[in-house]
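Listed here are the chains, written in short residue letters.
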Amino acid sequence: MPSEASVVQTSMEGHHSSESEDSSRVLTSVFVAYTAASTLWLLFATAVGVVLAYKFGAPDFAPGEWLTFGRLRPIHTNATFYGWASLALIGLGYYVAARSCGTPLYSAKLAWIALVLFNVAVVAGTVALDLGYSDGSLEYREWPWPIRLIFLAGLVVTAMNLIGTVARRDTEDIYLSNWYIIGGVLWASTFSLVAVLPWYQYGLGQVSVSGFYMHNAVGMWFTPLTLGMLYYALPKTLSRPIYSYALGVFAFWTNLVFYPIIGAHHFLFTPLPWWLQTTAIVFSVAMLVPVWGGSTNFLLTMRGRLRDLAHSYPLMFILVGVIGYVVGSTQGTFEAFRSLQEVWHLTNFTVGHSHLTMYGFVNFAIWGGVYALLPLATGKFPGRLGMSLHFWMAVVGSFIYVISLSIGGTIQGLDWMHGAPFIQSVVDIQSYWVWRGVGGVLMFLSHIVFAWNVGRMCFGPSAEAAPLATVPAEGAAA
Amino acid sequence: MNKLVLIAGGSALVYATLALVMGVLPGIELSLTPAGPGVEPLTPLQAEGRDVYVANGCSYCHTQQVRPLPQDKIFGRPSAPGDFAYQTPELLGSERTGPDLTNAGVRQPSTVWQYIHLYNPRAVVPESIMPAFDWMFKVVDQAPAGTAPVPLPKAYAPARGVVVPGHQAEALVAYLLSLKQPALPDSGSDASATPAVGSASPTNASTTAATAPATGAAPAAAVPATGGADLTKGQALFTANCAACHQANGEGLPGAFPSLKGNDVVNDADPSGQLHAILQGLQGAKVGGVVYSSPMPPFAGTLSDVDIANIVDYERSSWGNHGAPVTAAQVAAERAKGK
């Protein structure tokens, strides 16, 4: 029954009355605006990332107060999180919610207001950090709190808009994508509020809130929005229902219950209470359940369609995203073990891990979603060469990036364990930092190509020129 | 509509409960952690320095948390809950691209070193990749009365004028020097900031002595029996503990840190002067007719007798020095004499 429900939901989109022409145009312009804005932030954030990578080999490059490493580093992470990934996923979320429910957006106005709030927050946060105004080096919540309130306001507006959109549907059922998308926005609003209130954040208390926040910002925001989008984009692109609707529901609830508990694994071996650390480790293992459940579901949905995969870049991006999800998350579980933390914690291995998950999973899934869905909205397609360049540079680049930092980070950790003079660990990882830079430059170049492709999908020549093979499901779904 | 309420409301409620239990409640509880004995709030200048530390993201490369793991012993005793009472925002950090700074004020108490290092880290640690914070300094024709110019090595000094610290640099260094772990009540009377003895493995002499001392593969691998100089280990320990000031070539920095090359004390047949300096530290030392204002930190609390013997033997046989070797027993005897 559940998988039938999904078919019903996707087929809902077939009903296009003339009155919905207008709402469809509005939805498209919202989708386009969020995607375009996020793409600009991607270019900015990763350009900063390349400068940072360069500084590891040439510390006197780009000197001075406003380009110093410690200020650019949080600018890179925050712009990536809140400018790029958040905006891209919200744009996709609006499209998926409206399309899967067969309704117009609840309010275009709210979508525009939120877009302005988000962008104001990212611009203000970037400027503040560069001028040295920081709420502390609290991973992913460095922006001064008034700026984080602006972003939170955007999240609340977005939650209202998405819930309003889904509430307008005609069917009793709510397609699984919307569970994840609405859940993600509500959870993000909640943890952003928890992060911004000051009364329980003194000294060690703040350490525990940091652990909670930095992990929830990833797994209760990017993960659910990405999964929700995939539950729509994948069946849509393949023109077949998701393998098991029930498994998706199961992964939804297990992710919700297990994930919020694991944040303290970022602070193993600190004076945080031992029970808090151990609970975090136990549930890090439990996370294998939703992760493997979810990714198996996607892979089984793709079963037997390898030939289509090879001809469809949107599917290739999604496949890499799913692999990034299962590999990155499983790696995270192993990293949470005390025995392995002894080697890897505080080393560059962690940086490799965060890029494997945010880049290998979230970014690739977003790109797959944008290539699969944006042309359906605009009727304009990117070229195959453009997608191919983007795909291969991003895959090879991130592969080099993650592998080099994983090896380099391991060497750092072993140097420390062997009692080598500290500076030895800096010297020994140098060549791996060079390779990381090579990978990073390839990744950045691929983003330029992506921006070009987005430009074509938004403002390029119209549909007729599009090669059908890029989106096999297009004919069947429209 | 009902189903929407169930999914959105239900999942939000579950999440809010978990956020309360895993985020807010531990936050409330742990925020009340009392300050440990000897943990003091910062002075206004030190607090300003901490703000400079935060503004420039120092903790993206420097942790301030010592884990109860062997490899963390060089940074001090394991951090205790009471250590963080006055630390908001918290600066534990998640990456150690540079060394942990929990005990920076003990390890590197020299203001002069801190200034040179901040101005350009490569002036004292050639392999360092830390950014230069030269914009916290001023270049003036002549240092104002009461302010000593930063004694930069020629290669790093500006072509004209002298470098003096600006207010940010003064505050930051005041903060860095304040970073000292107070001793835990049960850790004995031994000085403040006493990490467990030995940076590497001082007590395994007997176990490795049986194996051939010729296998000089990894620096940490072989520690020969007391008395035999392990120059490889001595060099590693020198790099970790001494080279930041005295430099890898032993020549120090003119005007800032004395040279060990051809140094009378290092070449003295009686090692007690050298051992005393290493064990107890120095203040206002006069070397070769020059008085050095920088204090040298004491290593009695951080290095074992074997470690110190290895360092001394390395110093006494390097850079053209030829002082008589010392044994761990001599170090122990000097240690017993105290200050």
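The structure displayed is predicted, hence computed values, not measured ones.

Rules behind the numbers
- Residues numbered from 1 in each chain as written.
- Chains lettered and ligands numbered in written order.
- Predicted model: local features only at pLDDT ≥ 70, side-chain atom pairs only at ≥ 80, totals over all residues.
- Helix = DSSP H or I, 4+ residues; strand = E, 2+ residues; numbered from the N terminus.
- Buried ≥ 20, exposed ≤ 12 C-beta atoms within 10 Å, placed from the backbone.
- Contact = placed C-beta atoms within 7 Å.
- Rg over C-alpha atoms; globule rule 2.2 N^0.38 Å.
- Core = buried A, V, L, I, M, F, W, Y, C linked by C-beta atoms within 7 Å.
- Domains from an automatic or database assignment.
- Nonpolar A, V, L, I, M, F, W, Y, C, P; charged D, E, K, R; others polar.
- pLDDT = per-residue confidence, 0-100.
- Expected span 1.5 Å × (residues − 1).
- Pairing = 2+ DSSP bridges.
- Axes fitted to C-alpha atoms, helices over the stretch in contact; angles between N-to-C directions.
- Parallel < 35°, antiparallel > 145°, perpendicular 65-115°, else oblique.
- Left-handed = near helix turned anticlockwise from the far one by under 90°.

Moving on, we come to the overall build of chain B. In terms of helices and strands, chain B carries 12 helices and four strands. Going through the 339 residues of chain B one by one, you find that 46% of them count as buried. Once local pairs closer than 6 in sequence are excluded, the contacts in chain B between residues at least 24 apart make up 65%.

Okay, the overall build of chain A next. Across its full length, chain A holds 17 helices and zero strands. Its C-alpha radius of gyration of 22 Å places chain A within 12% of the 23 Å reference for a compact globule of 478 residues. When each of the 478 residues of chain A is scored for burial, the buried share is 60%. In chain A, 85% of the contacts between residues at least 6 apart in sequence involve partners at least 24 apart.

Glancing now at the nonpolar core. Membership of the largest hydrophobic core comes to 223 residues, with the highest contact counts inside it found for Tyr-94 of chain A together with Ile-116, Tyr-119 and Leu-172 of chain B. Lining this core are residues from two domains, each supplying at least three of them: domain 1 (40-181) and domain 2 (202-210 + 219-337) of chain B.

As a further point, take the interface of chain B and chain A. Between chain B and chain A, the residue contacts involve 67 residues of the former and 69 residues of the latter. Residue assignment for the side of chain B that touches chain A shows that the elements contributing at least two residues are helix 1 (2-31), helix 2 (44-55) and helix 7 (231-241) of chain B. The greatest single-element share of the side of chain B that touches chain A, amounting to 19 residues, is contributed by helix 1 of chain B. In terms of residue class, the side of chain B that touches chain A is built from 42 nonpolar, 19 polar and six charged.

Moving on to the confidence of the model for chain A. Low-pLDDT stretches of the model should not have their predicted coordinates read in fine detail. All names here are of chain A. In this model, chain A carries an average pLDDT of 92, and 93% of its residues clear a pLDDT of 70 or more. With pLDDT under 50 throughout, residues 1-16 is counted as low confidence; its partners more than four residues away or in other chains account for 26 contacts. Low pLDDT, under 50, characterises residues 465-478; the stretch is placed with 28 contacts to residues that sit more than four places away or in other chains.

Look at helix 8 (residues 245-258) of chain A: 20 Å from first C-alpha to last across 14 residues, which is about the 20 Å you get at 1.5 Å a residue. By the burial criterion, the buried members of helix 8 of chain A are Tyr-245, Gly-248, Ala-251, Phe-252, Asn-255, Leu-256 and Phe-258 of chain A.

All right, on to the pairing of strand 2 (residues 162-165) of chain B then. All names here are of chain B. Taking every second residue as pointing to the same face, the buried face of strand 2 carries Val-163 and Pro-165, while none of Val-162 and Val-164 on the other face is buried. The pairing of strand 1 (residues 137-140) with strand 2 spans four bridges and is classified as antiparallel. Residue pairing in the sheet places Val-139 in a bridge with Val-163 of strand 2.

Moving on: the environment of Gly-136 of chain A. Structurally, Gly-136 of chain A is set in the loop between helix 4 (108-130) and helix 5 (145-167). Among the residues examined, Gly-136 of chain A registers 22 C-beta atoms within 10 Å and is labelled buried. The spatial distance from the C-alpha of Gly-136 of chain A to the C-alpha of Ala-33 of chain A is 32 Å, given a sequence separation of 103 residues. The contacts of Gly-136 of chain A, once residues within four sequence positions are left out, are Glu-142 of chain A together with Val-54, Pro-89 and Glu-90 of chain B.

Residues and elements named next belong to chain B. Domain assignment breaks chain B into domain 1 (40-181) and domain 2 (202-210 + 219-337). Counting residues per element, the side of domain 1 that touches domain 2 draws most heavily on helix 4 (residues 111-119), which supplies three residues. For the side of domain 1 that touches domain 2, the residue count by class is nine nonpolar, two polar and one charged.

Our next topic: the packing of helix 15 (residues 384-417) of chain A against helix 16 (residues 422-459) of chain A. Residues and elements named next belong to chain A. Put simply, helix 15 and helix 16 touch, their axes get as near as 7 Å, and they point 160° apart. The angle between helix 15 and helix 16 places the two elements in the roughly antiparallel class. Helix 15 and helix 16 meet at a crossing whose hand is left-handed. By residue class, the composition of the contact of helix 15 with helix 16 is 22 nonpolar, 13 polar and four charged.

Attention now moves to unusual backbone geometry. Of note, the amide linkage connecting Thr-88 of chain B to Pro-89 of chain B takes the cis form, showing an omega dihedral of -5°. For Phe-269 of chain A, which is not glycine, the phi torsion reads 70° and is therefore positive. Looking at the secondary structure, you find Phe-269 of chain A in the loop between helix 8 and helix 9 (274-286).

On to the environment of Leu-231 of chain B, then. All names here are of chain B. When you line up the elements, Leu-231 lands in helix 7. Judged by the 15 C-beta atoms lying within 10 Å of it, Leu-231 falls in the partly exposed class. Other than its neighbours up to four places away in sequence, Leu-231 contacts Asp-313, Tyr-314 and Ser-317.

Here the focus is the confidence of the model for chain B. Residues and elements named next belong to chain B. For chain B, per-residue confidence averages 86 on the pLDDT scale, and residues scoring 70 or more make up 87% of the total. Long-range and interchain partners of residues 188-227, a stretch whose pLDDT sits below 50, account for 79 contacts in this model, where long-range means more than four residues apart. For this predicted complex, the interface confidence reaches an ipTM of 0.92, while the overall pTM sits at 0.88.

Take the packing of helix 3 (residues 69-101) of chain A against helix 4 of chain A next. Residue and element names in this part refer to chain A. It is the contact of helix 3 with helix 4, at a shortest axis distance of 9 Å, that shows an interaxial angle of 170°. Between helix 3 and helix 4, the angle is such that the two are roughly antiparallel. Contact with helix 3, carried on its side by Arg-71, Pro-74, Ile-75, Asn-78, Ala-79, Tyr-82, Gly-83, Ser-86, Leu-87 and Tyr-94, involves Ala-111, Phe-118, Ala-121, Val-122, Gly-125, Thr-126, Leu-129 and Asp-130 of helix 4 and no other residues of that element. Split by residue class, the contact of helix 3 with helix 4 holds 11 nonpolar, five polar and two charged.

Residue and element names in this part refer to chain A. Structurally, Pro-461 can be placed in the loop between helix 16 and helix 17 (474-477). A count of 10 C-beta atoms within 10 Å places Pro-461 in the exposed class. Taking the C-alpha atoms as reference points, Pro-461 and Pro-382, 79 residues apart in sequence, are found 9.4 Å from one another.

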